[in-house]
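Spelled out from the first residue to the last, the chains are:
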Amino acid sequence: MILSNLSISSDGKNFTNLKNFTNYTFFKEFRDKVFLKIKIDKKELNRKYYLVLSIKEEFFLGVNQAFIEKNGKKIIEVHKEMQNEDLIFYFNFKGNPPSFNINIHNEFEYKYILSEEKLFFGIVYGIMFCAFLYNFVFFLFNREKSFLYYSFLQLSTLMLLFVISGQMILQNYFESIEILLIFLITTIHVVSILFNMEFLNTKRNSPFMHKVLKFLLFLNLLDIVIMLIFERVFVYEYVPSYIIILTLLISALVVLKKGYKPAIFYISGWLTLFIFLFLSENSLSEYNESYLLHLGISLEALIFSFALAYKIRQARLEKERNQQIAISQSKLASMGEMIANIAHQWRQPLTHVSYVLMNLKTAHIKQKLTENYFKKKTEEAQAQLTYMSNTIEDFSNFFKLSKEKETFCLKELIAEVLNLLSGSFKLNNIKIETIYKEDIFINTYKGELLQVLFNILSNSKDQFIKKQIEEAKIEILLKKDKKNIYIEIIDNAKGIEFKDINKVFEPYLTTKDKGLGIGLYISKTIVENSMKGHLFVENVKEGAKFTIKL
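Here goes a summary of the coordinates provided. Everything quoted here is computed from the prediction, not taken from an experiment. (Residues numbered from 1 in each chain as written. Predicted model: local features only at pLDDT ≥ 70, side-chain atom pairs only at ≥ 80, totals over all residues. Heavy atoms only, no water.)

## Focus: the nonpolar core
Worth spelling out the cut-off: By convention a nonpolar core is built from buried Ala, Val, Leu, Ile, Met, Phe, Trp, Tyr and Cys residues, the set being connected through side-chain atoms within 4.5 Å. Burial status follows relative accessibility: with a 1.4 Å probe on protein chains alone, a residue under 20% of its type maximum counts as buried, one over 50% as exposed, and anything between as partly exposed. Think of it this way: any DSSP run of H or I at least four residues long counts as a helix, any run of E at least two long counts as a strand, and we number them from the N terminus. Any two residues having at least one pair of non-hydrogen atoms within 4.5 Å are treated as being in contact.
The biggest cluster of nonpolar side chains holds 54 residues, and the ones touching the most others in it are Phe195, Leu200, Tyr266 and Trp270. For this core, the elements supplying multiple residues, two or more each, are β4 (49-54), α3 (117-142), α4 (145-165), α6 (177-200), α8 (207-230), α10 (241-257), α11 (263-281) and α12 (289-365). Take this core: its biggest share by element is 12 residues, from α6. The contact partners of tryptophan 270, leaving out residues within four places of it in the chain, are Leu153, Ser192, Phe195, Asn196, Ile245, Leu248, Leu249 and Phe304. Ranked by size, the runner-up nonpolar core spans 45 residues in total, among them Leu410, Leu413, Val417 and Phe425.

## Re the pattern of salt bridges
We count it as follows: A side-chain nitrogen of Lys or Arg and a carboxyl oxygen of Asp or Glu constitute a salt bridge if their distance falls within 4 Å.
Applying the stated criterion to the full structure yields 14 salt bridges. A salt bridge links lysine 74 to glutamate 69, with the shortest nitrogen-to-oxygen separation between them at 3.8 Å. For glutamate 69, a relative accessible area of 46% translates into the label partly exposed. The network of salt bridges with shared partners includes Glu57, Glu69 and Lys74.

## Focus: the environment of lysine 13
Along the chain, lysine 13 turns up in the loop between β1 (3-9) and β2 (16-17). For lysine 13, a relative accessible area of 69% corresponds to the exposed category. Lysine 13 sits 22 residues away from phenylalanine 35 along the chain, and the two C-alpha atoms are 8.8 Å apart.

## Observations regarding the sheet that holds strand β11 (residues 431-436)
Condition: The rule for pairing is simple: two strands pair if DSSP sees at least two bridges between them. Here the axes come from fitting lines to C-alpha atoms, over the contacting stretch only for helices, and the angles between their N-to-C directions go from 0 to 180 degrees.
On the basis of which strands lie adjacent, the open sheet formed by five strands has the order β11-β13-β14-β16-β15 and mixed pairing. Each of the sheet's edge strands pairs with one partner strand only, and the pair in question is β11 and β15 (534-539). The sheet shows a mean angle of 15° between the axes of neighbouring strands, direction not considered. Helix α16 (residues 519-530) contacts β15 and β16 (544-549) of the sheet and is inclined by roughly 135° relative to β15.

## Some words on helix α14 (residues 410-427)
Note the cut-off: To estimate the expected span of a helix, subtract one from its residue number and multiply by 1.5 Å. To get the bend at a given residue, fit one axis to the seven residues ending there, fit another to the seven starting there, and take the angle between those axes.
Between its first and last C-alpha, α14 extends 26 Å over 18 residues, near the 26 Å set by a 1.5 Å rise per residue. At leucine 421, α14 shows its maximal bend, which comes to roughly 55°. Of all the positions in α14, only Leu410, Leu413, Ile414, Glu416, Val417, Leu418, Leu420, Leu421, Ser422, Gly423, Ser424 and Phe425 are classed as buried. Remark: asparagine 429 follows α14 within two positions and exhibits a positive phi of approximately 55°.

## Here we look at α10
If you check α10, its first and last C-alpha atoms are 25 Å apart, about what 17 residues at 1.5 Å a residue would give, namely 24 Å. Three or more residues of α10 are buried, namely Ser241, Tyr242, Ile244, Ile245, Thr247, Leu248, Leu249, Ser251, Ala252 and Val255.

This is the structure we're talking about:
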């Protein structure tokens, strides 16, 4: 550190180290004449540096060293040949809160960055504003709190950097820039902790760290309240920002150890910020602290954007897995009904085959088993067995999890679904009327569309049974226009209650005594996500109409 022993005085004689003042006491005591003494450690001066003072011209009275003015800033060359080891600045703030910036730059920064400082800051602010906008829009779409907290984190950090770099301008609008800075820093602590807790789900993944973070959150919120009421702060004064970042890092490491993969990017972001913040707050780098802070925060914003994008991808994959599980659950829930349908459909052909065998046995006993009679009866038995085999084939097709699109005739698919349900429909005296004007072919996921039709028709059947409809009837209409194909399923089961009609596609909502409430939810998911179509329902004169638009 080439600058040390910063001390201050109101008379230019009796100097007190700045470390003895808090922001609050410094604020209260020095509002007029101020002498600032900075000791230069020439042993550390292995190269030339430039000390840059930013202050309103009306407050600056002088300095005991030659300086030049550039872009409204006072610039002093700091090198080994300097006559004075102590730089003494003389200010008069005329009753205003003290406000000035002193930055030290190495030769590289002075030549290549200082003149382009506005461009550098502009790029950083652009990155952060984009990060804020990007995450806020994501929050509006998916309502996940981690995106909201992170967007507020970027916004409050952006405001902090803007105040740091432009406090000379803001001095005209705020009586106390220092209080504004402290408020923004404490706000950043608060939203950082909230973001950490939400992103890492510490309540579930690490209950102990969750309690630590809640305590830290409470202290910072208390600091804000005390600052607003008494104009005093405690956490800010005694707990450096990098300590809070370190705590967030530790919590991320604990969660990563438990297998939470998004924490990898999260750790990278906080580690980057921690390094730059630690170097900046402890003056451990020869590079300007403000530049380090701007660079570290912009890198953190980029890394966290990757972290949140990775989390989105993980959430999407998990959602897809859950949907596949739900589809499987829906099919398993239909298995009992399918087995009952097979039992109904097999009962008659099995009886028929039994009669054929009895006839053949009787003809053999009576020695009347001619070749023509034997051929006729075996053909009858074969027809019944073929019917039974087709039933099993239809049953097998229903449970195939194929994700390959294929071209097929909708009329034939509907016939296949009705064949699966024919046994239970006959048992409950449900009549089916199909209305087709033409054969319509479509290229999509056949097995999934079969399941959707099965779910809707089964739902209608259950409503007939529940409401004890005597003349139960279902109409299936198939039509198309220039852009879309429509499958309409209309029943006369007295419709859906008004309070439920907007909720029928919600998961785990059921009006059945033993239902899972996922059939219609899965149907809508398949149609709208897999097939990019629409599934909706409305009440009609005698019942409900489900429309599949593809």
